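For reference, the chains in residue letters:
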Amino acid sequence: MTLEILPVHGIGEVRPGDDLAALITAAAPWLRDGDVLVVTSKIVSKAEGRLVDVPEAGPERDAAREEVLAAETARPVARRGNTRIVQTHHGFVMASAGIDASNVDRSRLVLLPKDPDASARGLRAALRERFGLDVAVIVSDTMGRPWRNGLTDVALGAAGIEALRDYRGTVDPYGNHLHITQMAVVDELAGAAELVKGKSDRVPVAVVRGYPATLKQDGAGAAVLVRDAAQDLFPLGTAEARALGLREAALLADTDVPGDVDPAAIDRALATVAGHVSPGTRFVVAADPIRIECRLDGMVDQMSLLRLGADVHRLRAALAAEGIASALRSGGQHAIAALVISQPG
């Protein structure tokens, strides 16, 4: 496979209501069937009127931007200083919900397209029906990546091309069966196109030629790249996940459900709190039913009981971190209280 990446010059400023298909074909009369057209989301948004008027400076501008960000945010993910990482209503996780103040009049902000896949399908249909061109269309935008510095362009919308190349079920040259490999080819093509578009060269469109991509139908679009919440191992930033854990620890409910308990998990929980409990607090693991007796050595007074209560809650939080449920019960002959524990499957 040999690929060419071709910039499309001369599109100029795009305004609400502009005909992108006409602008692109006028600037790239050399466009041909089978090409992959990569269009920066900003000009799609401008043509679709996804612009918001804001004050040009001062606290009023900051307040207006905060209001716009709140409206575009489905779920906050992380915040460090002025940087906000959020999940948009599309499902994208990105800084500032993709709201952009670059390459636009100071009095306006550019929002992401409402439905980037629909935008890609509409542009593809216009090019096919009015200009006789059968091309694939990718709507791209710039994102950061967790654990890596630098930005890259990725696909927000796609039509006429499969977003993923699925290698699952195939065998590599060494005879290994592939089970999870799916390549996000539309992201790779968007990143390749950015090499000739740049961020300040006023080249919002590029063409990737030579990739065997064009489908007869529009395909599922780039929406398939959004990871389902149930499969997301990193739904929050570190500080936000820690804060959520602390809140959940403060709200632990008594849970007394049958289930086996991994002794090693109990040992880990006890080790976690071992250096932090008050002098005189002692935890003893007992059996039948399995429980942890909370004992207090020495004189029992009001303060020592309060400290024991705090220590018991520390242990309950440590047990919860190991997936062990607990319920506080009255103690027996040697204990003031006892934790009945279980580990639901």
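Conventions and cut-offs
Residues numbered from 1 in each chain as written. Predicted model: local features only at pLDDT ≥ 70, side-chain atom pairs only at ≥ 80, totals over all residues. Heavy atoms only, no water. Helix = DSSP H or I, 4+ residues; strand = E, 2+ residues; numbered from the N terminus. Expected span 1.5 Å × (residues − 1). Buried < 20%, exposed > 50% of the residue type's maximum accessible area, 1.4 Å probe, protein only. Arc of directions from axis to C-beta. Contact = heavy atoms within 4.5 Å. Pairing = 2+ DSSP bridges. Axes fitted to C-alpha atoms, helices over the stretch in contact; angles between N-to-C directions. Salt bridge = Lys/Arg side-chain N within 4 Å of Asp/Glu carboxyl O. Phe/Tyr/Trp six-rings, centres within 6.5 Å; stacked < 30°, edge-to-face > 60°. Parallel < 35°, antiparallel > 145°, perpendicular 65-115°, else oblique. Left-handed = near helix turned anticlockwise from the far one by under 90°. Nonpolar A, V, L, I, M, F, W, Y, C, P; charged D, E, K, R; others polar. Polar contact = N/O pair within 3.5 Å; in protein donor to acceptor, adjacent residues only side chain to side chain.

Now for helix 3 (residues 58–72). In an α-helix, one turn spans 3.6 residues; hence positions three or four apart end up facing the same way. With 15 residues, helix 3 should reach 21 Å at 1.5 Å per residue; the first-to-last C-alpha distance of 22 Å fits that figure. All buried positions along helix 3 are accounted for by Arg 61, Ala 64, Val 68, Leu 69 and Glu 72. Each buried residue of helix 3 sits inside an arc of 140 degrees when the element is viewed along its axis, so together they form one side. Relative to its buried face, helix 3 has exposed residues pointing more than 90 degrees away, namely Pro 59, Glu 60, Asp 62, Glu 67 and Ala 70. Each element contacted by the buried residues of helix 3 is listed here: strand 3 (51–53), strand 4 (73–80), strand 5 (83–88) and strand 7 (108–110).

We now examine the sheet that holds strand 5. The strand order across the open sheet formed by three strands is 4-5-6, and the pairing between neighbours is antiparallel. Of all strands in the sheet, those bounded by a partner on one side alone are strand 4 and strand 6 (93–95). Sheet twist, expressed as the mean angle between neighbouring strand axes with direction ignored, is 30 degrees. Bridge count between strand 5 and strand 6: three bridges; the pairing is antiparallel. Its bridge partner being in strand 6, Val 86 is matched across the sheet by Met 94.

Inspection of the sheet shows strand 4 paired to strand 5 by six bridges, in the antiparallel sense. When the bridges of strand 5 are listed, Arg 75 appears paired with Gln 87. Following strand 4, the chain reverses through two residues before pairing antiparallel with strand 5; Gly 81 in that reversal takes a positive phi of roughly 60 degrees. A loop of four residues connects strand 5 with strand 6, the two strands running antiparallel in sequence, and Gly 91 in this loop sits at a positive phi of about 105 degrees.

For the rest of this paragraph, the subject is the pattern of salt bridges. Pairing between side chains becomes possible if they bear opposite charge and their charged atoms approach one another. Counted according to the given criterion, the structure contains 19 salt bridges. Its salt-bridge partner being Arg 202, residue Glu 13 comes within 3.6 Å of it at the nearest N-O pair. Of this pair, Glu 13 sits in the loop between strand 1 (4–8) and helix 1 (20–27) while Arg 202 sits in the loop between helix 5 (185–197) and strand 12 (205–209); the two residues are 189 residues apart in sequence, bridging distant segments of the chain. For Glu 13, a relative accessible area of 35% translates into the label partly exposed. One salt bridge in this structure joins Asp 254 and Arg 316, with 3.4 Å as the shortest N-O distance. In this pair, Asp 254 sits in the loop between helix 6 (238–250) and helix 7 (263–273) while Arg 316 sits in helix 8 (residues 302–321), placing the two residues 62 residues apart along the sequence. Three or more residues are tied together by salt bridges with common partners; here these are Glu 13, Lys 46 and Arg 202.

A few words on the packing of aromatic side chains. Summed over all chains, the structure comprises one aromatic pair. Between Trp 147 and Phe 234, the aromatic rings sit 4.9 Å apart at their centres with planes inclined by 80 degrees, giving edge-to-face as the arrangement. Of the two residues, Trp 147 is situated in the loop between strand 8 (136–145) and strand 9 (148–159) and Phe 234 in the loop between strand 12 and helix 6; the sequence distance between them amounts to 87 residues. Residue class for Phe 234 comes out exposed when judged on its relative accessible area of 53%.

Taken together, the five strands give an open sheet; going across it, the order is 1-12-2-8-9, and neighbouring strands pair in mixed fashion. Where the open sheet ends on each side, the last strands, each with one partner, are strand 1 and strand 9. In this sheet, neighbouring strand axes are inclined to one another by 30 degrees on average, regardless of whether the strands run parallel or antiparallel. With four bridges joining them, strand 2 (residues 36–40) and strand 12 adopt antiparallel strand pairing. Bridging across to strand 12, Val 38 finds its partner in Ala 206. Contacting strand 2, strand 8 and strand 9, helix 4 (residues 116–131) runs over the sheet at an angle of about 55 degrees to strand 9. Its contacts with the sheet place helix 5 against strand 1, strand 2, strand 8, strand 9 and strand 12, and it is angled at close to 115 degrees to strand 9.

Let's shift gears to the packing of helix 7 against helix 8. When two helices pack together, you describe them by how their axes are tilted relative to each other and by the distance separating the axes. Two numbers describe how helix 7 lies on helix 8: the axes approach to 9 Å, and their chain directions differ by 135 degrees. Relative to helix 8, the element helix 7 is oriented oblique. Relative to helix 8, the crossing made by helix 7 is right-handed. Touching Ala 269, Leu 270, Thr 272 and Val 273 of helix 7 are Arg 314, Leu 315, Ala 318 and Leu 319, all from helix 8. Residues belonging to the contact of helix 7 with helix 8 are distributed by class as follows: six nonpolar, one polar and one charged.

Burial in helix 1 covers these residues: Leu 20, Ala 21, Ile 24, Thr 25 and Ala 27. The arc that holds every buried residue of helix 1, seen down its axis, measures 165 degrees, which confines them to one face. Each element contacted by the buried residues of helix 1 is listed here: strand 1, strand 2, helix 2 (41–48), helix 4 and strand 12. Capping of helix 1 at its N-terminal end is provided by Asp 19; its side-chain oxygen lies 3.2 Å from the backbone amide nitrogen of Ala 21.

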